[in-house]
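In case you want the letters, here they are:
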Amino acid sequence: MTTSTGIAGYTYGSDAVAKSPISMEDFELLKQTVMFTEEDERYLRLAGEVLQDQVEAILDLWYSFVGSHGHLVHYFENPSGKLIEEYLAAVRRRFTQWIMDTCTRSYDQDWLNYQQEIGLRHHHLKKNQTDQVQSVPHIGLRYLIAFIYPITATIKPF
Ligand code: HEM
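Residues numbered from 1 in each chain as written. Predicted model: local features only at pLDDT ≥ 70, side-chain atom pairs only at ≥ 80, totals over all residues.

J.: Would you mind going over unusual backbone geometry in detail, with residue names and values included?
T.: The phi dihedral of Asn128 is positive, around 80°, even though this residue is not glycine. Using a count of 17 C-beta atoms within 10 Å as the deciding quantity, one classes Asn128 as partly exposed. The residue Gln132 is not glycine, and still its phi comes out positive at about 45°. With respect to the helices and strands, Gln132 occurs in the loop between helix H6 (109-121) and helix H7 (141-155). Judged by C-beta crowding, with 10 C-beta atoms within 10 Å, Gln132 ranks as exposed. (Buried ≥ 20, exposed ≤ 12 C-beta atoms within 10 Å, placed from the backbone. Helix = DSSP H or I, 4+ residues; strand = E, 2+ residues; numbered from the N terminus.)

Shown next, in the form of structure tokens:
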């Protein structure tokens, strides 16, 4: 499925995205738990203005980080260990959009639903389906949690 953004597999706000099992009340509690306030939201909007012309450079950096670690690039490979270039490229376009979504979207029900969808796409319930690839079926939660650090730390110079 290609949406109005023209990005294949990017289904933000469409009927193809299920409602998140996390309620808005739960979401508020999560925000409190990570100390996220309206001030953070304001700074994210500003970050969006600064980052919009730099998203390709950011993705170059993140992809070189993943590419230089065999245990991470593994999740973009087929069962024989060969990199699926088209998969990497398709995910990159949606990841680029995610940077702008994170900075510019309102954190409403559509936003929450798509975060759930992103989570599912790393899980065996939905990984590989969007791009119809035969890759590794599941990414362990430990790497999702660990990846928060490089994403946060490496964005700073931008
Ligand atoms: C903080 C942690 C992470 C965030 C925020 C994140 C974010 C994203 C986003 C935004 C997408 C595209 C979602 C879409 O389809 O619209 C994506 C897809 C993907 N990411 Fe991550 N990611 C994280 C960790 C990881 C890690 C550790 C790996 C392992 C190398 C990984 C591998 C992938 C793969 C293979 C896909 C494609 C999934 C599919 O088949 O649809 N991600 N990620």
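J.: Run through the site of the ligand, naming residues and quoting values.
T.: The environment of the ligand is formed by 23 residues, the closest being Arg94, Trp98, Arg121, Tyr143 and Phe147. Listed by contribution, the elements that provide at least two residues to the shell around the ligand are helix H5 (85-104), H6 and H7. Sorting elements by how many residues they give to the shell around the ligand places H7 first, with five residues. Within the shell around the ligand, the residues separate by chemical class into 15 nonpolar, four polar and four charged. (Near = placed C-beta within 6 Å. Nonpolar A, V, L, I, M, F, W, Y, C, P; charged D, E, K, R; others polar.)

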